[in-house]
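A structural walkthrough
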Amino acid sequence: MLDAGLAVPIALITAAVFVVAGVMYARRGRGGVEDYLVARNSAGSTLATATLVASVAGAWILFSPAEAGTWAGIAAIVGYGIGQAAPLIAFIWLGPKMRSVMPEGHSLTEFVWYRYGPAMYVFTLGVIIFYMFVFLSAELTGISLALNLLADVPLLLTALIVGLLTVGYTAYGGIRASIFTDGIQFVLVIPLLLITFVALVVSVDGFGTVFEPVSETAPHLLSFTNKSGVDFGITLIIAILAANLFHQGFWQRVYTSKDDRSLRRGFAAAGVVVIPMIIIGGLAGIMTVGKDLVGDNASVAMFSLIVGVLPTWAVILVLVLALVLVMSSLDTLLNGIASVVTTDLARFKPELKGATVLSSSRAITVVLIIPAILIASQGYSVLYLFLIADMVCAAALVPVFWGLYAPRFSGSDALTASALGLIAGILFFPTPEAPYLTGWIITIDFASQLLVSFAAALGVSIVVSIVLTALRNRPEYDFAQLREQVRLID
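Structure report, in brief.

What counts, and where the lines are drawn
- Residues numbered from 1 in each chain as written.
- Predicted model: local features only at pLDDT ≥ 70, side-chain atom pairs only at ≥ 80, totals over all residues.
- Heavy atoms only, no water.
- Salt bridge = Lys/Arg side-chain N within 4 Å of Asp/Glu carboxyl O.
- Helix = DSSP H or I, 4+ residues; strand = E, 2+ residues; numbered from the N terminus.
- Buried < 20%, exposed > 50% of the residue type's maximum accessible area, 1.4 Å probe, protein only.
- Axes fitted to C-alpha atoms, helices over the stretch in contact; angles between N-to-C directions.
- Parallel < 35°, antiparallel > 145°, perpendicular 65-115°, else oblique.
- Left-handed = near helix turned anticlockwise from the far one by under 90°.
- Contact = heavy atoms within 4.5 Å.
- Nonpolar A, V, L, I, M, F, W, Y, C, P; charged D, E, K, R; others polar.
- Core = buried A, V, L, I, M, F, W, Y, C linked by side-chain atoms within 4.5 Å.
- Phe/Tyr/Trp six-rings, centres within 6.5 Å; stacked < 30°, edge-to-face > 60°.
- Lys NZ or Arg CZ within 6 Å of the ring centre and 35° of its normal.

**Here's the deal with the pattern of salt bridges**
Overall, the coordinates contain 10 salt bridges when judged by the stated rule. Ionic pairing is found between Asp-344 and Arg-347, a salt bridge with its closest N-O pair at 2.8 Å. Separated by 3 residues within a single helix, Asp-344 and Arg-347 lie in helix H14 (residues 312–348), roughly one turn from each other. The exposure classification of Asp-344 matches that of Arg-347, with both residues buried. When salt bridges with common partners are traced through the structure, they connect Asp-413, Arg-472 and Arg-474 into a single cluster.

See the structure below:
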């Protein structure tokens, strides 16, 4: 374990480096609201890849995959990797499509407002903000728990350091500062993660040594056909795909990409890169089982292994890695939530001047961090909230995007399909006391409650969307309207 007197200065210095870098870069070319929110058509494929990987690969990759590895094994880890790559690959088609129908767009909510109307807009906005705020709180909670385990640093102190310093450059520079620091973070994350993994493998005397006790005491963890692992892996694919398509940070980067070619190449490359990153984290969880170091809290399994087997220099590297990871996703989440609210504010209050809209976005960014810090200081488990948010996203996924391809599909149809999918998911959704075993209303035995809940939410919404589209004889929606209705804010 590190001494808190060493860990806290490392955290301050690491965070301060990105504050200085982000602010200095933002000062070089400060533009208007558009530049602050989307930095339209400014990122080539290489920078797009870097900012996407840095945005998606938060500190959670050191927690969640390892936790899944401790109980669901290699099958769940593979599903986790595929699930995280799936939305990035989906954006290869959805991104250019959205840019073509809404070339001056900023967010998914703009499309929903004009395509479906106020009711579906309110529902979608609620889904986006709830999901992204849970993500924000989870990231701060994760890094606070990590420093508490590594160096016994109080949760509140870590949350304050990381939260306030991240908001410092994010509120000042907007998405340009976020993308610039993402580039630096991407360059650091990959080698730091590889060094950490190699150090762990060497410290446990190789895979053969550490996996041998696992094969004897928990062989299901090493099986690709383990039922609980396969169930959870499929659940993760549905959940992560659905949730990340409502991630405003990704929609910002759809418009930040220089052109469709840069968009496709950036998202495709990011989808390939994140898979081995998640597998590394998951294997660390299985290695923790092999060393019998899981303890009472499986969510910090990787850190339990790190404290148990790594020398001090390697623990310091892990601390820096965790800080870089959390800041790379925090700035995206803060700027993403602020941008979706600011975009809607500019639409509903067109009389507001650009400077006022810009000030509002900065204020929203600062305000967001306060409740997230308070939640992180409590060390709550946010897994259940994450699962709820993911299930709601699964119910809304097809109804929201079906309207891009089905011109006869209406706002009332989308809301009906989302609502019925949500009801179906709730019927099977697990209780917080037994999140994989029993449902709130209906309990089944043939698969995990989570898998059935997510499959029901997604499946029912798909069927209802298709049926309503076939039954309703409405005039076709004219997508050319979006080009006229969605305009630049400046």
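What follows picks up the thread again.
**Description of the packing of helix H4 (residues 64–71) against helix H5 (residues 73–101)**
In a packed pair of helices, the relevant descriptors are the angle between the two axes and the axis-to-axis distance. Axis separation between H4 and H5 bottoms out at 6 Å; the angle between their running directions is 150 degrees. Viewed along their axes, H4 and H5 adopt a mutual orientation that is roughly antiparallel. Two packed elements cross with a definite hand, and for H4 against H5 that hand is right-handed. Contacts from Ser-64, Pro-65, Ala-68, Gly-69 and Trp-71 of H4 reach H5 at Gly-73, Ile-77 and Tyr-80. Along the lines of polarity and charge, the residues of the contact of H4 with H5 split into 5 nonpolar, 3 polar and no charged.

**Observations regarding the nonpolar core**
Counting 162 residues, the largest nonpolar core has Leu-62 and Leu-108 as its most contacted members. Setting aside residues no more than four positions away along its own chain, Leu-108 makes contact with Met-98, Ile-128, Leu-245, Phe-246, Gln-248, Trp-251, Val-400 and Phe-401. If you look at the next biggest cluster of nonpolar residues, it comprises 7 residues, including Ala-424, Ile-444, Val-452 and Ala-456.

**Things to note about the packing of aromatic side chains**
Per the stated rule, a full pass over the model turns up 20 aromatic pairs. Relative to Phe-401, the ring of Trp-251 lies with its centre 6.0 Å away and its plane at 15 degrees, an arrangement referred to as stacked. Taken together, the residues Trp-251 in helix H11 (residues 248–256) and Phe-401 in helix H16 (residues 383–402) connect sequence positions 150 residues apart. Each member of the pair, Trp-251 together with Phe-401, is buried. A ring pair is formed by Tyr-477 and Phe-479, whose centres lie 5.2 Å apart and whose planes are at 80 degrees; its orientation type is edge-to-face. Note on accessibility: Tyr-477 and Phe-479 belong to one class, buried. Joined through ring pairs, the aromatic side chains of Phe-91, Phe-246, Phe-250, Trp-251, Phe-267 and Phe-401 make up one cluster. Between Arg-115 and the ring centre of Tyr-477, over which it is positioned, the NZ or CZ distance is 4.6 Å. Taking NZ or CZ as reference, Arg-347 lies 4.9 Å from the ring centre of Phe-348, over its face.

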